[in-house]
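# A structural walkthrough
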Amino acid sequence: PTPENVPLTIVDTYNPRWSYAGSKLIGELFFIHYCTAYNMRGVIVRPHNFYGPRSGYEHVIPQFIERTEKKTDPFPIYGSDNTRTFCHIEDAVEAMRDLMESKNTDGDIETVHIGAHEEVSMRELAEKIFKIAEWSPGKIEEHSAPEGSTKRRKADITKIKKLINWEPNTSLEEGLKKTYEWYVKHPKK
């Protein structure tokens, strides 16, 4: 698990995937220095794979749901052995609200990871969605992860537990079921 104090780097400025990380880094710098200059309290939240209804259509869970609903076979998975943790949006919102309201975040600017416990591979994630849909493809087509992808991403949530006694409550299965139901009713147009 990655703690908040791990050094942040942009590995390849020419890889478009790193522009997202770069914009987050710049945002944190602006926030830290603005709060410091104007003596404001602040909490930086580093989200780790928030998901749920209304999460857009360009992320792994909505894409897997869309392919499952279309019964895409063979079913493509990029970076099938890469692992992630996924935090349901209801848990994430609760964590952010509690961080903002807590007196424990009134001092120095804090940087806090919000994430979940259960680490799954992309293939395991797809299989969980297949189970919910009660369908599975005849063949899984495994592809390399996009260049610049991280092999493993799991937040260390020790700090948020200490600050506000928060842990996610929604199991991955429960969250995926809610998310699946929403996306089936609201397919990509």
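Residues numbered from 1 in each chain as written. Predicted model: local features only at pLDDT ≥ 70, side-chain atom pairs only at ≥ 80, totals over all residues. Heavy atoms only, no water.

## Re the packing of helix α2 (residues 60–69) against helix α4 (residues 122–133)
Rules: Angles run from 0 to 180 degrees between N-to-C directions of axes, and those axes are lines fitted to C-alpha atoms, restricted for helices to the stretch in contact. Secondary structure is summarised from DSSP: a helix means a run of H or I of at least four residues, a strand means a run of E of at least two, and numbering begins at the N terminus for each. When describing relative orientation, an angle under 35 degrees is termed roughly parallel and one over 145 degrees roughly antiparallel, while 65 to 115 degrees is termed roughly perpendicular and anything else oblique. By convention the crossing between two helices is left-handed if the near helix lies anticlockwise of the far one by an angle smaller than a right angle, and right-handed if it lies clockwise. Residues are treated as being in contact if the distance between any of their heavy atoms lies within 4.5 Å. Three classes are used: nonpolar for Ala, Val, Leu, Ile, Met, Phe, Trp, Tyr, Cys and Pro, charged for Asp, Glu, Lys and Arg, and polar for all others, with Gly counted as polar.
Where α2 meets α4, the axes come as close as 10 Å, and the angle between the chain directions of the two elements is 50 degrees. Looking at the two axes, α2 sits oblique to α4. Here α2 runs over α4; the crossing is right-handed. Residues Val60, Ile61, Phe64, Ile65 and Thr68 of α2 form the contact with α4, whose participating residues are Met122, Leu125, Ala126, Ile129, Phe130 and Ala133. Taken together, the residues that form the contact of α2 with α4 break down as 10 nonpolar, 1 polar and no charged.

## As for the pattern of salt bridges
Test applied: Just to be clear on terms, a salt bridge is a Lys or Arg side-chain nitrogen sitting within 4 Å of an Asp or Glu carboxyl oxygen. Only protein chains enter the accessibility calculation, which uses a 1.4 Å probe. A residue is then buried if its area is under 20% of the maximum for its type, exposed if over 50%, and partly exposed in between.
The final tally for this structure, using the stated rule, is 16 salt bridges. Between lysine 161 and glutamate 167 there is a salt bridge, with its nearest N and O atoms 3.9 Å apart. Overall, lysine 161 belongs to the partly exposed group, its relative accessible area being 32%. Where glutamate 174 meets lysine 178, a salt bridge forms, and the shortest distance between an N and an O atom there is 3.8 Å. Of the two residues, glutamate 174 and lysine 178 are both situated in helix α6 (residues 172–185); the distance of 4 residues between them amounts to about one turn of the helix. In this structure glutamate 174 comes out as partly exposed when scored by relative accessible area, which is 39%. On the basis of relative accessibility, which here comes to 29%, the residue lysine 178 falls in the partly exposed class. A cluster of three or more residues bridged by salt bridges with shared partners is formed by Glu90, Glu174 and Lys178.

## Remarks on the environment of lysine 188
Along the chain, lysine 188 turns up in the segment after α6. Owing to a relative accessible area of 41%, lysine 188 belongs among the partly exposed residues under this scheme. Along the backbone, lysine 188 and glutamate 66 are 122 residues apart, and their C-alpha atoms lie at a distance of 7.9 Å. Excluding its chain neighbours within four sequence positions, the residues that come into contact with lysine 188 are Tyr57, Glu58 and Glu66.

## Things to note about a nonpolar patch on the surface
Where we set the bar: Patch rule: a residue counts if its relative accessible area is over 30% and it has no salt bridge; like charges are joined within 9 Å, and nonpolar side chains (Val, Leu, Ile, Met, Phe, Trp, Tyr) within 5 Å. What sets the accessible areas is the Shrake-Rupley method with a 1.4 Å probe; for residues, cover comes only from the shown protein chains.
A cluster of nonpolar residues, Tyr34, Tyr38 and Met40, forms a patch on the protein surface that exposes about 360 Å² of accessible area. Among the residues examined, methionine 40 registers a relative accessible area of 41% and is labelled partly exposed.

## Regarding the packing of aromatic side chains
Selection rule: Classification of ring pairs rests on two measures: the distance between centres of Phe, Tyr or Trp rings, Trp counted by its six-membered ring, which must be within 6.5 Å, and the angle between planes, read as stacked under 30 degrees, edge-to-face over 60 and tilted in between.
Here the structure, examined in full by the defined rule, presents 7 aromatic pairs. The interplanar angle of 70 degrees and the centroid separation of 5.6 Å between the aromatic rings of phenylalanine 64 and phenylalanine 75 together place this pair among those described as edge-to-face. Residue phenylalanine 64 is found in helix α2, and its partner phenylalanine 75 is found in strand β3 (residues 75–78); the two are separated by 11 residues along the sequence. Classification of phenylalanine 64 by relative accessible area gives buried; the value is 4%. Judged by its relative accessible area of 0%, phenylalanine 75 is buried.

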